[in-house]
Amino acid sequence: MTIKTLQDLFIHELSDVYSAEKQLSKALPRMARAAENPELAAAFTTHLEETRGQIERIDQLVEAHDLRLKRIKCAAMEGLVEESREVIDEVEKGPVRDAALIGGAQKVEHYEIASYGTLCAMAKKLGYTEGLKFLQDTLAEEKATDAKLSVLAEAGGGNDRAAQAGSAAPAGAALKNGAAGKSASASKTASKN
Ligand SMILES: [Fe+2]
Ligand SMILES: [Fe+2]
């Protein structure tokens, strides 16, 4: 057992989210290229820039408190990135794929919001005042990205046009469109939180 104290756990969680951000920064350019709606592509590109800044904030936190990160791979982000790759392979470019991309991206943001929320609480307990500020700034960016994705989903970058595509599609496409519809409704639920 290498995790014994709250500080050990903090370093583990921070190392995990550091890996998550790095994996996401590699996936976002592909997600931007895969989107049909230019606003959605722009949202992914903007979040790529933010994500690079978030990685720098973790570097600054580590330096400010003289910590050492562990080399671990975030398995959750690996899975989420893999799912976005599957969506791109399985759904042709258009409103249905955009709806699925938004749903997948919101799962990523919710994972990050949970991670940074936990890290903020632990940083407070551990007295990492300077680090807490970095974590709070990132948490605010993740929440704003999630909200922006909800707006895009509801504005027709996802839901409405995807629903139309579903009704016009032949019966054989029902499974594909059903799956995308689920992502779109998940986006709607997220926006109410
Ligand atoms: Fe992030
Ligand atoms: Fe994010």
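As the structure is a prediction and not an experimental result, all values here were calculated from the model.

Thresholds applied
Residues numbered from 1 in each chain as written. Chains lettered and ligands numbered in written order. Predicted model: local features only at pLDDT ≥ 70, side-chain atom pairs only at ≥ 80, totals over all residues. Heavy atoms only, no water. pLDDT = per-residue confidence, 0-100. Contact = heavy atoms within 4.5 Å. Helix = DSSP H or I, 4+ residues; strand = E, 2+ residues; numbered from the N terminus. Polar contact = N/O pair within 3.5 Å; in protein donor to acceptor, adjacent residues only side chain to side chain. Donors = N, O, S within 2.8 Å, 3.2 Å for Na, K, Ca; no water.

(A) A look at the confidence of the model for the protein chain. Here the protein chain shows a mean pLDDT of 87. Residues at 70 or above account for 80%. Here residues 167–193 is a poorly scored stretch, pLDDT under 50, and it has 24 contacts once near neighbours within four places are set aside; other chains count.

(B) Just the side chain of Q54, in detail. Structurally, the position occupied by Q54 is in helix 2 (residues 38–64). Within the structure, the side chain of Q54 is placed 3.5 Å from the side chain of E142, a separation counted as a polar contact. Setting aside residues no more than four positions away along its own chain, Q54 makes contact with E21, H47, E112, Y116, T138, E141 and E142.

(C) Seen up close, the coordination of the iron ion (ligand 2). Note on the iron ion (ligand 2): its protein donors are H47 (NE2), E109 (OE), E109 (OE), E112 (OE) and E142 (OE). The metal-donor distances range over 1.9 to 2.6 Å. Summarised as a motif, the one-chain spacing of the donors to the iron ion (ligand 2) is H-x61-E-x2-E-x29-E. Between the two metal centres, the iron ion (ligand 2) and the iron ion (ligand 1), the spacing is 3.2 Å, with E112 acting as a shared donor. Residue H47 is found in helix 2, and its partner E112 is found in helix 4 (residues 95–126); the two are separated by 65 residues along the sequence.

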